[in-house]
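# Structural overview for review
Chain by chain, the residues run as shown.
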Amino acid sequence: KFIDPKYDFNEWSLRRKAIQLANLHTKRTHSTQTTHSHFRRETETQVYLPKQGVTQTATDRGTRPVQHLRYVSGLRGHPDQEMAVVQVDLDLQ
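Before going into details, it helps to say that this report is about the structure given with it. (Residues numbered from 1 in each chain as written. Predicted model: local features only at pLDDT ≥ 70, side-chain atom pairs only at ≥ 80, totals over all residues. Heavy atoms only, no water.)

Looking only at helices and strands, the chain features two helices and two strands. Overall, the chain shows an N-to-C arrangement of helices and strands of α-α-β-β. For the chain, the residues scored as buried account for 1% of the 93 residues in total. Of the contacts made within the chain by residues no fewer than 6 positions apart, 21% connect residues no fewer than 24 positions apart. (Helix = DSSP H or I, 4+ residues; strand = E, 2+ residues; numbered from the N terminus. Buried < 20%, exposed > 50% of the residue type's maximum accessible area, 1.4 Å probe, protein only. Contact = heavy atoms within 4.5 Å.)

Rendered as structure tokens:
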């Protein structure tokens, strides 16, 4: 017993296939279209490869961050002098 997998009994699907075949019959490929699509396929991108050697820069901010220090002033000296906290930010760049 042979069963055809392409057989379709639905009237609407047969109508849809007929319309698709009729639309394909009117289409055609132009030679300019294939030429342009051929060149589009052959395009390449320019890539800058990384350098082989190691470079040194004049600034190294990432290795020496700013130091935040707090000093207490007024601990020594005259007894009437008030104590105060002084915050110092050292940028040793």
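Following the structure, the description resumes.
With 16 residues, helix H1 (residues 11-26) ought to run about 22 Å at 1.5 Å a step, and its terminal C-alpha atoms sit 23 Å apart, in line with that. Counting buried positions along H1 yields one of 16 residues, so the element is predominantly exposed. Two to three positions downstream of the cap, the backbone nitrogen of Trp12 sits 3.2 Å from a side-chain oxygen, assigning the N-cap of H1 to Asn10. (Expected span 1.5 Å × (residues − 1). Polar contact = N/O pair within 3.5 Å; in protein donor to acceptor, adjacent residues only side chain to side chain.)

It is worth spelling out a nonpolar patch on the surface at this point. A cluster of nonpolar side chains, contributed by Val72, Leu75, Met83 and Val85, occupies part of the molecular surface with about 430 Å² of accessible area. Classification of Leu75 by relative accessible area gives exposed; the value is 63%. (Patch = residues over 30% accessible without salt bridge, like charges linked within 9 Å, V, L, I, M, F, W, Y side chains within 5 Å. Areas by Shrake-Rupley, 256 points an atom, 1.4 Å probe, with all protein chains shown as cover. Salt bridge = Lys/Arg side-chain N within 4 Å of Asp/Glu carboxyl O.)

Attention shifts here to the side chain of Ser13. Inspection of the secondary structure puts Ser13 in helix H1. Residue class for Ser13 comes out buried when judged on its relative accessible area of 8%. Polar side-chain contacts of Ser13 include one of 2.2 Å to the side chain of Asp8. Polar side-chain contacts of Ser13 include one of 3.0 Å to the backbone oxygen of Asn10.

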